[in-house]
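Working through the structure, step by step
Take a look at the letters that make up each chain.
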Amino acid sequence: MPLVKGGQIVADLFAHVADDAELPADGAVLVTAKRFLQDPEAILRRPGKAGVIWPNSRDVDDLVPYLERLAVVALVFPTFRDGRAYSQARLLRERFAWRGELRATGQVLRDQFVFMLRAGFDAFEVKKPGDAEAFAQTVKRYSVFYQPTGDGRITALHRRMQLRHSESAGL
Amino acid sequence: MYAYDEIDRTLVNERVAEFRDQVKRRLSGELTEDEFKMLRLQNGVYLQLHAYMFRVAIPYGTLSSRQLRALAHVARRYDRGYGHFTTRQNIQFNWIKLKDLPDALSDLAEVGIHAMQTSGNNTRNVTSDQWAGVAPGEIEDPRIWAELMRQYTTLHPEFSFLPRKFKIAITASAHDRAAIKIHDVGLRLHKNADGETGFEVLVGGGLGRTPFIAKTIKPFVAGRDILSYLEAIMRVYNQYGRRDNIYKARIKILVHELGIEKFAVEVDEEWQQMKSDALVIDDDVVEDIRSRFFYPAYEKLPHNPEELKKAAQDQKFEAWRKNSTFAHKAPGYAIVTISLKPVGAPPGDATAEQMDALADLADKYSFGEIRVGHEQNLALPHVARRDLPALWKALDRLGLATPNVNLVSDIIACPGLDYCSLANARSIPIAQELTRRFANHDTANLIGRLHINISGCINACGHHHVGHIGILGVEKNGEEFYQITIGGRADESAELGALIGPAVPYGEVADVVEDIVEAYLALRASPDELFVDTVKRLGVEPFRERVYATR
Amino acid sequence: MTSPLEQKKIKITGPSVVTANRTVDGAVIYRTAQKDWSTDLAHAAIVRAADEARTLLAESVADDVGAVGAYIAPVEVTNGKIAPGNLREQIRRSGVTINLLPAIGLPVQA
């Protein structure tokens, strides 16, 4: 499953460690929330970065105390039709000011890339290699966005306001 | 109507390009149907019994003549020459081919029409009152706010994969013509004691398997805060709405399971935490939207011009005028309802020829504007009263002047088993037979206002729960049967109808409805007492007795 | 005519066929014995037992590019002639049962 970051396929530096497997001595690891919460210090004190895969059926509030010490938060789309992770993503980015890697996992398909970017995801475990390859192309699909999210893209309303003001200022 | 600017046009065109790519990938096999289905639904494309069905959005039921001609063009070029207007102010084409859809969408995009989010688990067409902007006594034009909400909810990255569909309706009049109480979110625009414009916000209305009338979550949210408040509601729903069972996934179930007080607290907690000003609606934002709505320059015209006085001799014209024209906020003007319920025809349908002709009439008599109502009729919102006789002649020639608006033969019906793959039974032939039984206009006028709603299955697209008489198609041992309810209403006094007895077979439905009407005529306190009020006064029992005495 | 889209278990009560809609244009189609689709019910493969039906359905569903929404539908067979087995299938085959806008005189046939 290719990982896309910065618009291209990159190597995944994080090892997905199963709940019953031993944590490697060093290197970056991604663990489930279940494992993480059993003993957060065991994960966080390791040399090597830590990431948590947070389920979409649980409030992100429980993860917030640890955010400062994490490198990756991975959210889940069990099917692409289950949109709970979009809310989680926005809360993490916009309310809790998460600046680390926000990764989309699960059934991550091409036609949701733009939504995911807008919600704050910046890394994608893409289901199909073809979709991963088309990432850079796909995210150019839309240049107009009606509503604000934390992604910094200017909304249609604001663009109009700017136009009105520049018109009335005689620019 | 709202004039698209470059920004709106760009979005629609980008959407069309995306869908064209998605169709291509579907037909090549790159996308499975499982992956494609939700994408096509998000562009209003259903699979029905015979063919695909294409549902095109008519935002808050407002069309320009140019747009209506484009709909006629789609009917003619890509379909079988007609379209069906729905209970949510949209239009449906029943015979469309998947491979033609990108082109059809592209043709529609040229006039600022789209099919975004007319299906799927996202926010659907924000509907309003088909008399918005012209009804006397309206607080202000609700369509300004509907347009703001349309933009806010279109391709919203957080809310495009909700647990289920999400429907919003707005009213700005004391008499609710938008049925807000049967919507997921209903908004009543009004001014508070300080003269501020804002909304009473209701949540959790909806029909289907578990019908609910919406409850008030907040009596007043200022206009400037309505988008952030909506975002709070939708975020709570997106996170906590049920996803395990599609029949329990609407927000009405969440509201019911939590209780309205607890739900209101959840929403408020979320709302308080939204620090950003990004969603605040400043006055100049409202002004910008308003500035792109077209409002006619009305002339100063007399209420009773010569043309009208002369035409009063014509009984047929008078019958139509009294039935189908309504008071307008501008003196000397009228709102004209165009009945799409001629005797013996499928309710709510119009041919491409009728649409084109109506577009011309709109240009001539209504400043180029047409409206679509949730009762599946159309309206011309700005007709000078002196033009009524000439307009009527033209409408009559087109089969668009049946004087049965709001009467027993003005039936609201879903497409039913003739078209729809979800249906248990047919609805259109029932409607057709009923229009034949009640074809006599004197009889219909004697009966007075009476709304019959027919649904071919429990999904209730015909809104049968809130019909004065509601008819629901069910299946019993491979045969079509119908449950009849009475006393429902969809307006500000919204209420669900009550079952009168066991389901009756297809062949008996029209007889039963005649019996119910006869019972009403015998029992009403006076000719002024409406059917729905007689039912309220007397309950179901006297009607049940009459209907089931010999069955 | 409870929507067969809600079929979970496969139950055969008599001769049945597999039907679907053609992906490209939505036309009603029937699965043939030649691993193909036909718009003509007369060419449909008939199954009479649950496991036969399951096999035919599985193979039909596998043609995801050509067909959408395949399911098992009842038929009646009289003297070798296949007819739709319920009202829903009749409507799918012959078209709507209503006169479309009699004022304009559009045909009923699908």
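Residues numbered from 1 in each chain as written. Chains lettered and ligands numbered in written order. Predicted model: local features only at pLDDT ≥ 70, side-chain atom pairs only at ≥ 80, totals over all residues.

**What about the overall build of chain A?**
Helices and strands together make up the secondary structure of chain A, namely 7 helices and 8 strands. C-alpha extents for chain A along the principal axes are approximately 65 × 35 × 30 Å. The 171 residues of chain A split such that 36% are buried. In chain A, the proportion of contacts linking residues at least 24 apart, taken out of those at least 6 apart, comes to 44%. (Helix = DSSP H or I, 4+ residues; strand = E, 2+ residues; numbered from the N terminus. Buried ≥ 20, exposed ≤ 12 C-beta atoms within 10 Å, placed from the backbone. Contact = placed C-beta atoms within 7 Å.)

**Description of the arrangement of the chains**
Between all 2 pairs of chains that are in contact, chains B and C come out with the most contacts. The two units chain A and chain C are non-contacting; their minimal C-alpha-C-alpha distance is 18 Å.

**A short note on the sheet that holds strand 11 (residues 333-338) of chain B**
All names here are of chain B. In spatial order, the strands read 3-13-14-11-10; together these 5 strands make up an open sheet with antiparallel pairing. Two strands lie at the open edges of the sheet, namely strand 3 (62-64) and strand 10 (325-327), each paired on one side alone. Along the sheet, successive strands turn relative to each other by an average axial angle of 30°, direction set aside. Inspection of the sheet shows strand 3 paired to strand 13 (residues 369-372) by 3 bridges, in the antiparallel sense. Among the inter-strand pairings, Ser64 is bridged to a residue of strand 13, identified as Glu369. (Pairing = 2+ DSSP bridges. Axes fitted to C-alpha atoms, helices over the stretch in contact; angles between N-to-C directions.)

**Considering the sheet that holds strand 8 (residues 197-203) of chain B**
Residue and element names in this part refer to chain B. The 4 strands are arranged 6-7-8-9 in an open sheet whose pairing can be described as mixed. Of all the strands in the sheet, just strand 6 (168-171) and strand 9 (215-222) have a single pairing partner and so form its edges. Averaged over all neighbouring strand pairs, the angle between strand axes comes to 20°, with direction disregarded.

**Some points on the domain arrangement of chain A**
Residues and elements named next belong to chain A. What the domain assignment reports for chain A is domain 1 (3-140) and domain 2 (142-171). Computed over C-alpha atoms only, the centres of domain 1 and domain 2 are separated by 31 Å. Tallying the contact residues gives 8 residues for domain 1 and 6 residues for domain 2. Contributing elements (two or more residues each) for the side of domain 1 that touches domain 2: helix 3 (84-95) and helix 4 (113-119). Looking at which element gives the most residues to the side of domain 1 that touches domain 2, the answer is helix 4, with 4 residues. Residue classes in the side of domain 1 that touches domain 2 are distributed as 3 nonpolar, 1 polar and 4 charged. (Domains from an automatic or database assignment. Nonpolar A, V, L, I, M, F, W, Y, C, P; charged D, E, K, R; others polar.)

**Section: the packing of helix 16 (residues 509-523) of chain B against helix 18 (residues 541-548) of chain B**
Residues and elements named next belong to chain B. Where helix 16 contacts helix 18, the two axes come as close as 9 Å, and the packing angle between them is 130°. Here helix 16 lies oblique to helix 18, going by the angle between them. Here helix 16 and helix 18 pass one another in a crossing that is right-handed. Residues Val512, Asp515, Ile516, Ala519 and Leu523 of helix 16 lie in contact with helix 18, whose contacting residues are Pro542, Phe543, Arg546 and Val547. Residue classes in the contact of helix 16 with helix 18 are distributed as 7 nonpolar, no polar and 2 charged. (Parallel < 35°, antiparallel > 145°, perpendicular 65-115°, else oblique. Left-handed = near helix turned anticlockwise from the far one by under 90°.)

**Details of the interface of chain B and chain A**
Of the residues lining the interface, 31 residues belong to chain B; the matching set on chain A comes to 28 residues. For the side of chain B that touches chain A, the leading source of residues is helix 1 (residues 6-28) of chain B, giving 6 residues. Grouping the constituent residues of the side of chain B that touches chain A by class yields 12 nonpolar, 10 polar and 9 charged.

**A few points about the interface of chain C and chain B**
By a widespread convention, an interface's size corresponds to the accessible area lost as its parts come together. Taken together, the contacts link 31 residues of chain C with 37 residues of chain B. Secondary-structure elements contributing two or more residues to the side of chain C that touches chain B are strand 4 (67-78) and helix 2 (87-94) of chain C. The dominant element in the side of chain C that touches chain B, judged by the number of residues it contributes, is helix 2 of chain C, at 4 residues. Split into classes, the residues belonging to the side of chain C that touches chain B amount to 18 nonpolar, 9 polar and 4 charged.

**Here's the deal with the environment of Pro429(B)**
Inspection of the secondary structure puts Pro429(B) in helix 14 (residues 428-437). For Pro429(B), a count of 22 C-beta atoms within 10 Å puts it in the buried group. Taking C-alpha positions, Pro429(B) is 15 Å from Val504(B), a pair spaced 75 residues apart along the chain. The residues touching Pro429(B), leaving out its near neighbours within four places in the chain, are Thr97(C) and Ile98(C).

**Considerations on the pairing of strand 11 of chain B**
A regular strand places its side chains so that they alternate between the two faces of the sheet. Residues and elements named next belong to chain B. Among the 6 residues that make up strand 11, 6 are buried, leaving the element largely enclosed by the rest of the structure. The two faces of strand 11 match: Tyr333, Ile335 and Thr337 on one face and Ala334, Val336 and Ile338 on the other face are all buried. In the sheet, strand 10 pairs with strand 11 via 3 bridges, with the strands oriented antiparallel. Bridging across to strand 11, Ala327 finds its partner in Ala334. The turn linking strand 10 back onto strand 11 is made up of 5 residues, and Gly332 within it adopts a positive phi angle of 85°. As defined by bridge partners, strand 11 adjoins strand 14 (residues 378-384) across 5 bridges and the pair is classed as antiparallel. Counterpart to Tyr333 in the pairing with strand 14 is Ala384.

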